[in-house]
Amino acid sequence: MAYYERLALKIKNQILQGIWAAGDKLPSVREMAQQEQLNPNTVAKAYRQLEKDGVIEVQPGKGTFIKAMTATTVDQQKPLWQQLSRWLINAEVAGITRVQIDDFLNTRYSPTKEDSKQ
C-alpha cells in the first residue's frame, strides 16, 4: 500500500473513531507532512483521494475540512457493505471463525496510541 493510501486510510479510521468529526479542520498539507514525517506531495495526494472519496472538502482560503455524512455518502457505501457481506460469507464457508475475523480486525485495524495523535 502506498504512503498516501495509508494516510488516507488512517484519517478515515480516525473519523470512524471520533477523533475527527464533521466540520473539523485538518492540518495544512505542510503541517500534516511534518506530523506524519511524509513528503508534502504524498499528503497532498492523500487529501485529493479523500476529497474524491467525499470524506473531506477543500474551502479555498480557509482550509480542508471533514465533510458531514450525507445521503449520497451513505449510497456510496452500499456497494462496500455488499462486498463485505460476501467476503464474510466466503470466510465462513472457508472455515474462518468469527473470533479469527475479530482478532484480524483488532490486530490490523484497531487504533494505536500513535494513530490517535493529532
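Each value, and the rule that gives it
- Residues numbered from 1 in each chain as written.
- Predicted model: local features only at pLDDT ≥ 70, side-chain atom pairs only at ≥ 80, totals over all residues.
- Heavy atoms only, no water.
- Helix = DSSP H or I, 4+ residues; strand = E, 2+ residues; numbered from the N terminus.
- Buried < 20%, exposed > 50% of the residue type's maximum accessible area, 1.4 Å probe, protein only.
- Contact = heavy atoms within 4.5 Å.
- Axes fitted to C-alpha atoms, helices over the stretch in contact; angles between N-to-C directions.
- Parallel < 35°, antiparallel > 145°, perpendicular 65-115°, else oblique.
- Left-handed = near helix turned anticlockwise from the far one by under 90°.
- Nonpolar A, V, L, I, M, F, W, Y, C, P; charged D, E, K, R; others polar.

Undergrad: Is there a simple way to explain the overall build of the protein in this structure?
TA: Check the secondary structure of the protein and you find six helices and three strands. Secondary structure elements of the protein, listed N to C terminal, follow the sequence α-β-α-α-β-β-α-α-α. Here the protein holds 118 residues, and 24% of them are scored as buried. Within the protein, residue pairs in contact and separated by at least 24 positions form 55% of the contacts whose partners lie at least 6 positions apart.

Undergrad: What's the story with the packing of helix α1 (residues 3-16) against helix α3 (residues 40-52) in this structure? I'm lost.
TA: The geometry of α1 relative to α3 is characterised by a closest axis approach of 8 Å and an angle of 55° between their N-to-C directions. Considering their axes alone, α1 and α3 lie oblique with respect to each other. Between α1 and α3 lies a crossing of right-handed hand. Of α3, the residues touching α1 (which contributes Y3, Y4, L7, A8, I11 and K12) are T42, V43, K45, A46, Y47, Q49 and L50. Within the contact of α1 with α3, the residues separate by chemical class into nine nonpolar, two polar and two charged.

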